Amino acid sequence: MRKTLFESLTHGPLTEPPPSRDDRALAELAASLERSARQRLGRSLAIREVDAGSCNGCELEIHALNNVFYDLERFGLRFVASPRHADVLLVTGPVTKNMREALERTYRATPDPKWVVALGDCAADGGIFAGSYAVVGGVSGVVPVDLHIRGCPPSPTEILKGLIALVDAQK
Ligand code: SF4
């Protein structure tokens, strides 16, 4: 007990440092996205993420938007479990041959008006998997794409900027 007490007095706090300026910029972007979505849709933006064959690097950045550190649901950005509840399909990865039909069916299940965002270099044109026997190619070869967000992987800030541009363009 004495040892623990001594250590707590001599060691610094174990909690994470406060968010840096970049994190505050991210929060501002999220708030801006919610404002835009509410103006255009009258509610927050519902996003269904579809992994069409990614390496999961893009998923890590998407998950970062929703983790306890960024906690962007507080700004109304919602990830939904069903395409039937979605405004946006956020598609990652090159479309593999095995996922092609699943992506087509998810697209058909999403009610109009809907937007498709191809996230990451692989979703744009196959990226490092282009030419593989196992992939069809970019997302636009399977379903219509409204916006490409490039990067390998794009950061949470870039993802938010892309979504804001998408919603702002719907005037
Ligand atoms: S763009 Fe990069 S991080 Fe995203 S799925 Fe492709 S290789 Fe992975």
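Residues numbered from 1 in each chain as written. Predicted model: local features only at pLDDT ≥ 70, side-chain atom pairs only at ≥ 80, totals over all residues. Heavy atoms only, no water.

**Q** When you look at the site of the ligand in this model, what are you seeing that I'm missing?
**A** Close contacts around the ligand come from Ser54, Cys55, Gly57, Cys58, Asp121, Cys122, Ile128, Gly151, Cys152 and Pro153, and that covers them all. Only helix 3 (57-66) and helix 5 (121-125) provide two or more residues apiece to the shell around the ligand. Looking at the shell around the ligand residue by residue, the classes come out as six nonpolar, three polar and one charged. (Near = heavy atom within 4 Å. Helix = DSSP H or I, 4+ residues; strand = E, 2+ residues; numbered from the N terminus. Nonpolar A, V, L, I, M, F, W, Y, C, P; charged D, E, K, R; others polar.)

**Q** Would you take a moment to explain the side chain of threonine 92 for this structure?
**A** Summarising the element assignment, threonine 92 is placed in strand 3 (residues 88-92). When near neighbours in sequence (up to four residues on either side) are disregarded, threonine 92 contacts Glu49, Val50, Asp51, Ala52, Gly53, Ser54, Cys58, Glu59, Ile62, Leu119 and Ala123. (Contact = heavy atoms within 4.5 Å.)

**Q** How should I be thinking about the environment of histidine 63 in this particular structure?
**A** For histidine 63, the position within the fold is in helix 3. Overall, histidine 63 belongs to the partly exposed group, its relative accessible area being 49%. For the pair histidine 63 and phenylalanine 79, spaced 16 residues apart in sequence, the C-alpha to C-alpha distance is 9.9 Å. (Buried < 20%, exposed > 50% of the residue type's maximum accessible area, 1.4 Å probe, protein only.)

**Q** Could you clarify how one ought to interpret the sheet that holds strand 7 (residues 147-149) in this entry?
**A** Taken in spatial order, the five strands line up as 2-1-3-5-7 in an open sheet, and their pairing is parallel. In the strand order of this sheet, the two ends are held by strand 2 (78-79) and strand 7, each with one partner. Across five bridges, the pairing between strand 3 and strand 5 (residues 115-119) is parallel. Its bridge partner lying in strand 5, threonine 92 is registered against leucine 119. (Pairing = 2+ DSSP bridges.)

**Q** I keep staring at unusual backbone geometry and nothing clicks. Help me out?
**A** Only a minority of non-glycine residues have a phi that is not negative, and only a minority of peptide bonds are not trans. Looking along the chain, the bond that leaves aspartate 112 and enters proline 113 is cis, with omega of -5 degrees. If you trace the backbone, proline 113 turns up in the loop between helix 4 (100-109) and strand 5.

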